[in-house]
Amino acid sequence: MSLTVPNDLLDQARAGDVDDAAFVACVRDSLPYAWSLISDLASRREQTGAEFEDNTVPPPSEEARGQLLRCLASDSMRGALERHFGVRLAFQNCHRVAVFDPTATKALHEFVTPRAQILNQKPELVDC
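Just so it is clear, the model here is predicted, and its values are computed rather than measured.

**Considering the nonpolar core**
Stage number 1. Ranked by size, the top nonpolar core spans 26 residues in total, and within it Val-27, Ile-38 and Leu-81 carry the most contacts.
Stage number 2. Every element with two or more residues in this core is listed here: α2 (20-30), α3 (32-48), α4 (62-73), α5 (75-85) and β3 (97-100).
Stage number 3. Considering each element in turn, this core owes the most residues, seven residues, to α3.
Stage number 4. Setting aside residues up to four positions removed in sequence, Ile-38 forms contacts with Cys-71, Leu-72, Leu-81, Phe-85, Leu-89, Val-97 and Val-99.
Stage number 5. If you look at the next biggest cluster of nonpolar residues, it comprises seven residues, including Ala-98, Phe-100, Leu-108 and Phe-111.

**A word on the packing of aromatic side chains**
Working definition: an aromatic ring pair is given by the centre-to-centre distance plus the angle between the planes.
Stage number 1. Throughout the structure, instances matching the rule amount to two aromatic pairs.
Stage number 2. Geometrically, the ring pair formed by Trp-35 and Phe-85 is tilted, given 5.1 Å between the ring centres and 45° between the ring planes. Of this pair, Trp-35 sits in helix α3 while Phe-85 is found in helix α5, placing the two residues 50 residues apart along the sequence.
Stage number 3. For the pair Phe-52 and Phe-100, a centre-to-centre distance of 4.9 Å together with 20° between the ring planes defines the contact as stacked. Of the two residues, Phe-52 is situated in strand β1 (residues 52-54) and Phe-100 in strand β3; the sequence distance between them amounts to 48 residues.

**So, the pattern of salt bridges**
Stage number 1. Under the defined criterion, the tally for this structure stands at eight salt bridges.
Stage number 2. Between Arg-83 and Asp-20 there is a salt bridge; the shortest N-O distance is 2.9 Å. Separated by 63 residues along the polypeptide, Arg-83 in helix α5 and Asp-20 in helix α2 bring together distant segments of the chain.
Stage number 3. You can call Asp-20 partly exposed: its relative accessible area is 31%.
Stage number 4. Ionic pairing is found between Asp-29 and Arg-28, a salt bridge with its closest N-O pair at 3.0 Å.
Stage number 5. On the accessibility criterion, Arg-28 (36% relative accessible area) is partly exposed.

Procedures and definitions
Residues numbered from 1 in each chain as written. Predicted model: local features only at pLDDT ≥ 70, side-chain atom pairs only at ≥ 80, totals over all residues. Heavy atoms only, no water. Core = buried A, V, L, I, M, F, W, Y, C linked by side-chain atoms within 4.5 Å. Buried < 20%, exposed > 50% of the residue type's maximum accessible area, 1.4 Å probe, protein only. Helix = DSSP H or I, 4+ residues; strand = E, 2+ residues; numbered from the N terminus. Contact = heavy atoms within 4.5 Å. Phe/Tyr/Trp six-rings, centres within 6.5 Å; stacked < 30°, edge-to-face > 60°. Salt bridge = Lys/Arg side-chain N within 4 Å of Asp/Glu carboxyl O.

Here it is in structure tokens:
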């Protein structure tokens, strides 16, 4: 299961729209490794003013890797985090996550090209 959903949030979903802040809090509480990594990258990008910040360190465990994959594979979670942090997220493999300034379209485009994906591959990442 991707998220541990509190009863009040489940009731909210059954009744209609879900509050974005409540959904973001659910993601934060359910996927702490993914939240921490993305939050740290967003904070670093904001502090440096860089077009993007990325992570190149593999997750410390399979549980952490699973959290990251579940978070970034979900359009709703990814979109909520992008809105919350004011960034664009991009993902190349089991750990190479990047947060982009929303105006850094050239840098984002270069990060998500097939060329960039191929150049990011390493033998030790085959099973990630």
